[in-house]
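# An overview of the molecular structure
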Amino acid sequence: MGDQETLGIKMLRKEYDHIILLAHGSPDPLWKQPFESLYSEVSQTYGVANSSLAYMELTSPTLEDAIASLNSDVKKVAVLPLFLAVGRHLRHDVPEQIKALQRSDLKIELLPPIGEDALVKNAMQVAIAHHLGKA
């Protein structure tokens, strides 16, 4: 049993060595707080060695920074956009960033944005109903 399993830390899905949570980015430090809080929870569950937080633009760490900081034993990375939907950034900008960062010894896979996940959609419906007084 590995050290992380001994400590009770859940492992990532087998096909990924590391996951990068990717937020849009803003120069406003208050804007970053929800993403940093989410990352704190994720890193406590999956381990700092298995997860990173990066921003697409306007702040750091960037996706490039996150990739550069990976251990040499990381061979397959998932990038999970913390976006609600696919727009220009996820159709063009992020795939171009990933293409530039791809190496023969490192595969980087762009996952669908978190907003497309059925669990997230359901949570938003519940939150909307709560705000409208229907929950």
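Check the entry above for the structure.
Okay, so let's go over this structure. Predicted, not measured: the structure shown is a model, and the values here were computed from it. (Residues numbered from 1 in each chain as written. Predicted model: local features only at pLDDT ≥ 70, side-chain atom pairs only at ≥ 80, totals over all residues. Heavy atoms only, no water.)

Our next topic: the overall build of the chain. Regarding its fold elements, the chain presents 5 helices and 4 strands. Shown N-terminal to C-terminal, the secondary structure of the chain runs as helices and strands in the order α-β-α-β-α-β-α-β-α. Residues classed as buried in the chain amount to 36% of the 135 residues present. Contacts spanning at least 24 positions in sequence make up 72% of the contacts within the chain whose residues lie at least 6 apart. Of the roughly 8600 Å² of accessible surface on the chain, 57% is carried by carbon and sulfur atoms. (Helix = DSSP H or I, 4+ residues; strand = E, 2+ residues; numbered from the N terminus. Buried < 20%, exposed > 50% of the residue type's maximum accessible area, 1.4 Å probe, protein only. Contact = heavy atoms within 4.5 Å. Areas by Shrake-Rupley, 256 points an atom, 1.4 Å probe, with all protein chains shown as cover.)

As a further point, take the pattern of salt bridges. Side chains that differ in charge, positive against negative, can pair when their charged atoms come close. Under the counting rule described, the total for this entry stands at 4 salt bridges. Here Lys-76 ties to Glu-109 by a salt bridge, and the two come within 3.6 Å at their closest N and O atoms. Residue Lys-76 is located in strand 3 (residues 76–81), and its partner Glu-109 is located in strand 4 (residues 107–110); the two are separated by 33 residues in the primary sequence. Of the residues examined, Lys-76 reaches a relative accessible area of 22% and is grouped as partly exposed. (Salt bridge = Lys/Arg side-chain N within 4 Å of Asp/Glu carboxyl O.)

Quick look at helix 5 (residues 118–131) now. Note that an α-helix has 3.6 residues per turn; residues three or four places apart therefore point the same way. An ideal rise of 1.5 Å per residue puts 20 Å on 14 residues; helix 5 measures up with 20 Å between its terminal C-alpha atoms. The opening residue of helix 5 is Asp-117, an N-cap whose side-chain oxygen sits 2.7 Å from the backbone nitrogen of Leu-119. Positive backbone phi, at 80 degrees, marks Gly-133, one or two positions downstream of helix 5. (Expected span 1.5 Å × (residues − 1). Polar contact = N/O pair within 3.5 Å; in protein donor to acceptor, adjacent residues only side chain to side chain.)

Relative to the 26 Å expected for 18 residues at 1.5 Å per residue, helix 2 (residues 29–46) spans 25 Å between its end C-alpha atoms, a close match to the ideal helical length. Maximal helix bending in helix 2 amounts to about 25 degrees, located at Phe-35. Listed as buried for helix 2 are Lys-32, Phe-35, Tyr-39, Val-42 and Ser-43. The inward-facing, buried residues of helix 2 abut strand 1 (18–23) and strand 2 (51–55). Count one or two residues on from helix 2 and you reach Gly-47, which has phi positive near 95 degrees. (Bend = angle between axes of the 7 residues up to and from the residue.)

In the structure shown here, the tally under the stated rule is 2 aromatic pairs. Measuring from ring centre to ring centre gives 4.6 Å for Trp-31 and Phe-35, while their planes differ by 40 degrees; the resulting arrangement is tilted. Here Trp-31 and its partner Phe-35 are both found in helix 2, 4 residues apart, which amounts to about one turn of the helix. For Phe-35, a relative accessible area of 17% gives the class buried. Here the aromatic rings of Trp-31 and Tyr-55 are separated by 6.1 Å at their centres, their planes lie at 55 degrees, and the arrangement is tilted. One end of the pair, Trp-31, is in helix 2; the other, Tyr-55, is in strand 2, and 24 residues separate them in sequence. (Phe/Tyr/Trp six-rings, centres within 6.5 Å; stacked < 30°, edge-to-face > 60°.)

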